[in-house]
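Okay, here's what each chain looks like letter by letter:
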Amino acid sequence: MVKALWREIPGIIAILIIVGLASELAVLAGEQEHKTKWAPHVQLVLDATKPLQLDRGGRLPLYLWHAMNPGLLDPELAQELVEQLNVRGIGLVASWNPKNRERSLEESLRISRAQNKLGLRVNINATRCLYSFFDGDPRTAHVDDEGRPFWDTSFGKEKMGCPFAIDFRRPAIHEQLEYFIRGFKEAELDVDFIFADWEIDGPIEFNEAHATSKRCRRCRQNIQNIDEFGEFQKALRKLRCQLQRDVYAEPVKRSFPDVLVGNYGVYPHNGHRYWYDYYEYYVDGQPFKGDQRAKYRKWYDEFPKTGYTFAMPVVYPWARIFDWYDYDDTDYRWFYNMLLVAGNAGQNTPADVPVISFVHWHTIEPKEASGTATQFSEARYQELLWHALLRGTDTFFLWCRAEEAAKESRLVHEVYAAAQQYGSFLSEGIPINFDVPRQPGTVISGLELDGRVLVRRTDFGQSTPGAVPITVGDRSIEVLPASGRCQIISLR
Ligand SMILES: [Zn+2]
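Let me sum up the structure you'll find in this document. Just so it is clear, the model here is predicted, and its values are computed rather than measured.

**A look at the overall build of the chain**
Counting secondary structure elements, the chain contains 15 helices and 19 strands. Taking 23 Å as the expected radius of gyration for a compact globule of 492 residues, we find that the chain reaches 23 Å, a close match to that expectation. Along the longest, intermediate and shortest principal axes, the C-alpha atoms of the chain span 70 × 60 × 40 Å. Out of the 492 residues belonging to the chain, those deemed buried represent 47%.

**Side note on the sheet that holds strand β10 (residues 294–298)**
Here we have three strands laid out as an open sheet, ordered β8-β10-β9, and antiparallel in their pairing. Each edge of the sheet is formed by a strand with only one pairing partner; in this case those strands are β8 (272–273) and β9 (288–291). The pairing of β8 with β10 spans two bridges and is antiparallel. Across the sheet, histidine 272 pairs through a bridge with lysine 298, a residue of β10.

**Side note on the sheet that holds strand β11 (residues 314–315)**
The four strands are arranged β1-β13-β12-β11 in an open sheet whose pairing can be described as parallel. Looking along the sheet, the strands with just one partner apiece sit at the ends: β1 (63–64) and β11. Against the sheet, helix α14 (residues 405–419) touches β1, β12 (356–359) and β13 (395–398), its axis set at about 175 degrees to β13.

**Quick word on the packing of helix α4 (residues 75–86) against helix α5 (residues 101–117)**
Each pair of packed helices can be described by the angle between their axes along with the distance between the axes. At a minimum axis distance of 8 Å, the contact between α4 and α5 shows a crossing angle of 60 degrees. It follows that α4 is oblique to α5 by the angle criterion. Read as a crossing pair, α4 and α5 show a hand that is right-handed. Here Pro75, Ala78, Gln79 and Val82 of α4 come into contact with α5, specifically with Arg110, Ile111, Arg113, Ala114, Gln115 and Lys117. Residues that form the contact of α4 with α5 fall into these classes: five nonpolar, two polar and three charged.

**Some points on the pairing of β12**
Burial along β12 is two-sided: the residues Ile356 and Phe358 and Ser357 and Val359 are all buried. Looking at chain direction, β11 and β12 are connected through two bridges and run parallel. Looking across to β12, one finds that valine 315 is bridged to valine 359.

**Side note on the packing of helix α3 (residues 40–48) against α14**
One way to put it is that α3 packs onto α14 with a least axis distance of 9 Å and a crossing angle of 40 degrees. In this view, α3 runs oblique relative to α14, as classed from their interaxial angle. Viewed along their axes, α3 and α14 form a crossing whose handedness is right-handed. Contacts between α3 and α14 involve His41, Leu44, Val45 and Ala48 on the former and, on the latter, Ala405, Ala406, Ser409 and Arg410. Of the residues contributing to the contact of α3 with α14, the split by class is five nonpolar, two polar and one charged.

**Observations regarding helix α6 (residues 170–186)**
The end-to-end C-alpha separation of α6 is 24 Å, in line with the 24 Å expected for 17 residues at 1.5 Å each. At glutamine 176, α6 shows its maximal kink, close to 30 degrees. On the buried face of α6, the contacting elements are α5 and α9 (229–255). Looking one or two residues past α6, glutamate 188 carries a phi angle of roughly 55 degrees, positive in sign.

Reading the values: rules and limits
Residues numbered from 1 in each chain as written. Predicted model: local features only at pLDDT ≥ 70, side-chain atom pairs only at ≥ 80, totals over all residues. Helix = DSSP H or I, 4+ residues; strand = E, 2+ residues; numbered from the N terminus. Rg over C-alpha atoms; globule rule 2.2 N^0.38 Å. Buried ≥ 20, exposed ≤ 12 C-beta atoms within 10 Å, placed from the backbone. Pairing = 2+ DSSP bridges. Contact = placed C-beta atoms within 7 Å. Axes fitted to C-alpha atoms, helices over the stretch in contact; angles between N-to-C directions. Parallel < 35°, antiparallel > 145°, perpendicular 65-115°, else oblique. Left-handed = near helix turned anticlockwise from the far one by under 90°. Nonpolar A, V, L, I, M, F, W, Y, C, P; charged D, E, K, R; others polar. Expected span 1.5 Å × (residues − 1). Bend = angle between axes of the 7 residues up to and from the residue.

Shown next as structure tokens:
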């Protein structure tokens, strides 16, 4: 049932996926428990990937959307699965689901015990614990001059309401998470990595939110100069940061002090966001930086105020990107934008904060998809992943639909696995370059470590020049063409 629905909505995703996929996977896992050893989505990951040739050492594991929620496994089987995935460099993730919390806690404890026993990271998906502040309660609505409640429907969610009316929801949301934290503390298990995909909920300043809030008596009382978008953005993002920090990041860190905690799309940046989520659109008057037909929105610096300990940029080929740029080499339209996104996070995130980038390969079409965007080629997508690694990404989190999972898992895993030969560069190297050529040309990324530089050079455009100079600190080095591979250049 869930699966059929899934196929009928090729459009999108996130809320469905986020809220829906966890249950879809659980359903699949439950149905299959007595038929095959592993749930089909997990078997698919095992089939699409190979054991690593080189031990990954202290490097973060690769995270894959379908290496998640394998069902209720016996302890021996849980250990076997965790091991099978670990030899591939993949970290198994368990979800916490407050809608079915006893069962969900037990499932996640069994996986986590196995991970703990093997000395591996305990990985948790907390998405469902954070939904929803806007749960449809009339008290969360905006209120007009006559005292009548009203909603903002521009996000595709029926009842997005007033950002100043959701504080009373904090205890309920907090308890959804706290139940699982208590369960883990009682089991003497620590969580090492926890992420959420908390998106269409809570205060968001885009779409019609500004226009809507200006009609709300309560919003006007709470925001001075509400007519100025900058003031409005600041007020809403401050609230959004406080919510994430108070009900999620801080409670998790209090119980698990060394935890990596973060949320989809929250990362340090240069003040601009180079992408729009599927439900977002530009509204006239909002500040942006133009680039051909792209409007890169001015973005609030939320990361430091959330208390998060890892960055989670979203490096996706959203269909609209294709029409933003004129490049004849259509691969460069995707590559250019996605490298801007990856580099923005890599360049602005402190060295001691891991960057775990959501990635995806298939074009993400909106519901009214025209389907005219030319698919990003596999080869150039894998090049992009390499450049992301050489610009500060520590590991990837692949999101994809079930029907895409075999291909998607293989593409990202191949790069993750091959990169292991440069493990020390990846763990300790410092990125040397964040330039993204405005026209298709030579793209160079690199990591410097102990007098050597690991570089990747990818050539777009008509002609391939010979050696290309690049500055590393106070030195200039020449980078020769080397299609599809990395080079190590000595600085001495
Ligand atoms: Zn309001």
